[in-house]
Amino acid sequence: MCIRDRDQIRAAQMHQRLAERLLTHFTLTSDEMAIVQAPDAPVDDAFLGVMDRLQTILDESLLLMDVRDEDSETPAGSAQSSARAVEDIRERASSLLQTCMQRLAHWCSTVLRSLPLEGADVTAALREALRRLAAREDLFHPTMTALAETRAARWPEAFHMALVVGGPPPSYLPRPIELHAHDAVRYVSDMLAWVHQAIASERELVTSLFAPLAAPATTPLVASARSVEPPVLDALIHRMLDRSLAGCGRLLRMRVQQTLRAEQQALCLLRLYFVLSFYRDTLRHTLNETSSPLCKTVHELYHMADVAFVHALQQLHTRLVVPEQPGRDVSPALVEARERLDDLLKECADDKQDASIIYAAHRAASRRPHARHVHEDGGQDPAASRGVVVVLALCQA
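Residues numbered from 1 in each chain as written. Predicted model: local features only at pLDDT ≥ 70, side-chain atom pairs only at ≥ 80, totals over all residues. Heavy atoms only, no water.

> Explain the overall build of the protein residue by residue, including any values.
Per the secondary structure count, the protein includes 15 helices and zero strands. Within the protein, the fraction of its 397 residues that count as buried is 40%. Sequence-distant contacts in the protein: of pairs separated by 6 or more residues, those separated by 24 or more amount to 74%. Carbon and sulfur atoms make up 55% of the accessible area of the protein, which amounts to about 22400 Å² in all. (Helix = DSSP H or I, 4+ residues; strand = E, 2+ residues; numbered from the N terminus. Buried < 20%, exposed > 50% of the residue type's maximum accessible area, 1.4 Å probe, protein only. Contact = heavy atoms within 4.5 Å. Areas by Shrake-Rupley, 256 points an atom, 1.4 Å probe, with all protein chains shown as cover.)

> Now, about the nonpolar core: what can you tell me, with residues and values included?
Core analysis: the largest hydrophobic core is formed by 87 residues, its most contacted members being Met191, Leu209, Phe210 and Leu252. Considering every element that reaches this core, the biggest residue donor is helix α7 (residues 184-210), with 13 residues. Ignoring any residue separated from it by four or fewer positions in sequence, one finds phenylalanine 210 in contact with Phe140, Met144, Leu233, Leu236, Ile237 and Met240. (Core = buried A, V, L, I, M, F, W, Y, C linked by side-chain atoms within 4.5 Å.)

> Break down the pattern of salt bridges for me, citing the residues and quoting the values.
Close approach of charged atoms allows side chains of opposite charge to pair. A full pass over the atoms with the stated rule returns eleven salt bridges. We note a salt bridge from aspartate 281 to arginine 280, for which the minimum N-O separation is 3.5 Å. When its relative accessible area of 29% is taken as the criterion, aspartate 281 is described as partly exposed. Here aspartate 281 makes a salt bridge to arginine 284, at a shortest N to O gap of 3.6 Å. Residue aspartate 281 and its partner arginine 284 are both found in helix α10 (residues 266-284); the two are separated by three residues, about one turn of the helix. Several salt bridges share partner residues, and in doing so they unite Arg280, Asp281, Arg284 and Glu289 into one network. (Salt bridge = Lys/Arg side-chain N within 4 Å of Asp/Glu carboxyl O.)

> Explain α10 to me, and be specific about the residues and the numbers.
With 19 residues, α10 should reach 27 Å at 1.5 Å per residue; the first-to-last C-alpha distance of 27 Å fits that figure. Where burial is concerned, most of α10 is hidden: 14 out of the 19 residues are buried. (Expected span 1.5 Å × (residues − 1).)

> Could you give an account of helix α6 (residues 137-164), with specific residues and numbers?
Compared with the 40 Å implied by 1.5 Å per residue over 28 residues, the 41 Å span of α6 between its first and last C-alpha is a close match. Directly beyond the C-terminal end of α6, a positive phi value near 105 degrees is found at glycine 166.

> Requested: an account of the packing of α6 against helix α9 (residues 230-262), with residues and values cited.
The relative placement of two packed helices comes down to the angle between their axes together with the axis-to-axis distance. Interaxial distance between α6 and α9 falls to 9 Å at its minimum, and their mutual angle equals 25 degrees. Regarding the angle of α6 to α9, the classification is roughly parallel. The crossing of α6 and α9 is right-handed. (Axes fitted to C-alpha atoms, helices over the stretch in contact; angles between N-to-C directions. Parallel < 35°, antiparallel > 145°, perpendicular 65-115°, else oblique. Left-handed = near helix turned anticlockwise from the far one by under 90°.)

> Would you mind going over unusual backbone geometry in detail, with residue names and values included?
Peptide bonds are, in most cases, trans, and in most cases residues other than glycine have a negative phi. Omega for the peptide link from proline 169 to proline 170 comes to 5 degrees, which places this bond in the cis form. Here proline 170 is to be found in the loop between α6 and α7. Look at the link from leucine 173 to proline 174: it is a cis peptide, with omega at -5 degrees. Tracing the sequence through the fold places proline 174 in the loop between α6 and α7. The phi torsion at tyrosine 172 lies on the positive side, around 55 degrees, for a residue other than glycine. Note that tyrosine 172 resides in the loop between α6 and α7.

> Could you give an account of the packing of α6 against α7, with specific residues and numbers?
Put simply, α6 and α7 touch, their axes get as near as 12 Å, and they point 155 degrees apart. By the angle between their directions, the pair α6 and α7 is classed as roughly antiparallel. α6 and α7 meet at a crossing whose hand is right-handed. Seen from α6, the contacting residues are Phe140, Met144, Leu147, Arg151, Trp155, Ala158, Phe159, Ala162 and Leu163; seen from α7, they are Met191, Trp194, Val195, Ala198, Ser201, Glu202, Leu205, Leu209 and Phe210. Tallied by class, residues from the contact of α6 with α7 come to 15 nonpolar, one polar and two charged. (Nonpolar A, V, L, I, M, F, W, Y, C, P; charged D, E, K, R; others polar.)

> Requested: an account of the side chain of threonine 286, with residues and values cited.
Here threonine 286 is to be found in the loop between α10 and α11 (293-320). If sequence neighbours within four positions are ignored, threonine 286 has contacts with Ile199, Arg203, His238 and Leu241.

> Quick one: what's the story with the packing of aromatic side chains, residue by residue and with numbers?
Inspection of every chain in the model, using the stated rule, returns six aromatic pairs. Taken together, a centroid distance of 5.1 Å and an interplanar angle of 80 degrees make the contact between phenylalanine 278 and tyrosine 279 edge-to-face. For phenylalanine 278, a relative accessible area of 52% corresponds to the exposed category. Its relative accessible area of 12% is what places tyrosine 279 among the buried residues. An aromatic cluster is present here, built from Trp155, Phe159 and Trp194 joined pairwise through their rings. The ring of tyrosine 302 carries arginine 280 above its face, with NZ or CZ at 3.8 Å from the centroid. (Phe/Tyr/Trp six-rings, centres within 6.5 Å; stacked < 30°, edge-to-face > 60°. Lys NZ or Arg CZ within 6 Å of the ring centre and 35° of its normal.)

Pasting the structure below:
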């Protein structure tokens, strides 16, 4: 064998070893292929590691294509063969990565549907899986839609159970909220407190799921994807909260409307007005005021309570309008009205803004001719007359 033949053999062996090393570098091992192809393989660090390996193959295979394009001395036949080999490597890696992403999306949907309404344990694997899915809008959006639909169906069921059944068996504690339906203020307060707690629990879960999306990428698979900006992340959280808890607003609206229609006492309606005002302002800081159905529901109920309270004051004013009878003692109706107005003003004592509105209306009414006429007709009890002035001021303001 001549020297030239030995050199060709050595060159062929070197090219074979190089090809084997490249093939080993740009293909998965048998164990890694088993992880990808096994339908029941868990989504763990090993599975995520295989996904990173596939993304690395795709990234580094681009370098081979760049080197092939720049090497002008490579024979045409060899260049075509190398191009086909690189394309085969990339096509195979892309197909396997797509399979992994679909399995990841299916696994995330299954885990998210099984999360409890309260006290959910969000694992690091689930956060990382969602982070990877966020780079694929075609997979991330359906997964989030499935989560929102599942939570939107379960929260109204939980609210209904809290209303009519109470807590879980065997104790069923706390007791059903509707046991206190006879006490309008406590009934409405308990419902709103339950809804507020549900919002807090849901926001904690959604924030825990989406918080990693705003962090810098640490893996090859998501290194090319941009971190989610805080305003975009907040909008995503608000959309999830709006959809998940929208059904609770329908149950809340029906029961609070029934309570407002059945209640006739102005003092109780004023307290309901304050309760709804407090939760309206509270929900504004948690939900999106313009798009949240639940926030809109509480805002509408707040205005209904306002209208009901004004109507109750008008009814009180109607009962107080009696013909003038000089020399007659103050009627029991005026005494009762004064007591009710005192209760209303005491109820406002802790809320400076609402109390100032009432007193401002009192001062404005005292300068009106009609108010002065009522004051002159108050007879022997100026305090009762002042009470009537407040009623008229509230009704006319």
